Amino acid sequence: MMRRSDREIKEFCEIVEVMKRCDVCRVALNDNGYPYIIPLNFGMKAEAGHITLYFHGAGEGKKYELIKRDNRAGFEMDCSHRLVMGAGGCSCTMKYESVVGRGRIEIVPEDEKIKALSVLMEQYHKEELSFPVSFPEEAVRETTVFKLTVDKVSGKRNP
């Protein structure tokens, strides 16, 4: 239960709209009992009450080692930040919107990579691109795409 229930975003469609406004998703993985947090660019599909987040990177590295050991992950994203000063110098608050959640990560199969990469591009360049997007074969071959299927998500805002 959220402590500040007056700030909770309860509608799924509103949570998705906040996510669309964000430009970084921080993913937390299990590193021998400690969180390993990485900021990532992302793409998102929200269909029938389910969210899937897509990410990309090089073909090797610590995150892939951790995912192989334990594919459970947490994530966080936030946006719409604005500091509001009160009447006194020590009185202030931060306006924001944020989303946190958890799910499981898996590597996207080769035959789904281009579709997933298009979802990623759509998050940042929707108005500038024509779909379907064409990607250089070499870039696709050298890129690993992974997805986080969201099991639980919540949103919060201080408008």
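Structure first, text after, so check above.
Residue numbers restart at each chain and count upward from 1, following the sequence in its written direction. Given that this is a predicted model, residues contribute local features only at a pLDDT of at least 70 and side-chain atom pairs are listed and counted only at 80 or more, while totals for whole chains, interfaces and linings are drawn from all residues. Excluded from the side-chain calculations are hydrogens and water; all other atoms, namely the structure's heavy atoms, are used.

Moving on: the environment of Asp23. Counting from the N terminus, the helices are DSSP H or I runs at least four residues long and the strands are E runs at least two residues long. By the element assignment, Asp23 lies in the loop between α1 (12-21) and β2 (25-31). Separated by 100 residues in the primary sequence, Asp23 and Gln123 place their C-alpha atoms 7.9 Å from one another. Whether two residues touch is decided by their heavy atoms; if any such pair falls within 4.5 Å, the residues are in contact. Excluding anything up to four places from it in sequence, Asp23 contacts Asn41, Phe42 and Tyr124.

Next up on the list: unusual backbone geometry. Not every positive phi belongs to a glycine, and Ala48 is a case in point at roughly 50°. With respect to the secondary-structure elements, Ala48 resides in the loop between β4 (43-47) and β5 (50-57).

Right, let's talk about the side chain of Lys147 for a bit. Within the secondary structure, Lys147 is located in strand β8 (residues 144-158). Buried, partly exposed and exposed residues are distinguished by accessible area as a fraction of the type maximum, computed with a 1.4 Å probe on protein chains only: under 20%, between the cut-offs, and over 50%, respectively. Positive charges come from Lys and Arg, negative ones from Asp and Glu, while His and the chain ends are left out of the count. By definition here, a salt bridge exists when the distance from a side-chain nitrogen of Lys or Arg to a carboxyl oxygen of Asp or Glu is within 4 Å. Buried Lys147, no salt bridge; nearest opposite-charge side chain is Glu106, N-O distance 4.3 Å. Not counting chain neighbours up to four residues away, the residues in contact with Lys147 comprise Thr52, Leu53, Tyr54, Arg104, Ile105, Glu106, Val108 and Glu112.

If you check which residues of helix α2 (residues 62-69) are buried, you get Lys63, Tyr64, Leu66 and Ile67. Buried residues along α2 cover an arc of 160° about the axis, so they all sit on one side. Turned more than 90 degrees from where α2 packs its buried face, Lys68 and Arg69 sit exposed. Directions are taken from the helix axis to each C-beta atom, and the arc is the one they span.

So, about the layout of surface pockets. Computed over the protein atoms alone on a 1 Å grid, cavities are sets of points where a 1.4 Å probe fits but cannot get out and pockets are open sets with protein on both sides within 12 Å along at least five of seven lines; a residue lines them when it has an atom within 4 Å of a point. Grid points are joined across faces, edges and corners, and a volume is the space filled by probe spheres set on the points. In this structure, the largest pocket encloses a volume near 260 Å³. Every residue lining the largest pocket is listed: Val16, Lys20, Met44, Lys45, Ala46, Glu47, Val119, Glu122, Gln123 and Lys126. Elements with a contribution of two residues or more to the lining of the largest pocket: α1, β4 and α3 (113-125). With 4 residues, the single largest contributor to the lining of the largest pocket is β4. Here the residues of the lining of the largest pocket are counted per class, giving 4 nonpolar, 1 polar and 5 charged. Gly counts as polar in this scheme, as do all residues outside two lists: the nonpolar Ala, Val, Leu, Ile, Met, Phe, Trp, Tyr, Cys and Pro, and the charged Asp, Glu, Lys and Arg.

Shape descriptors only; they carry no functional weight alone.
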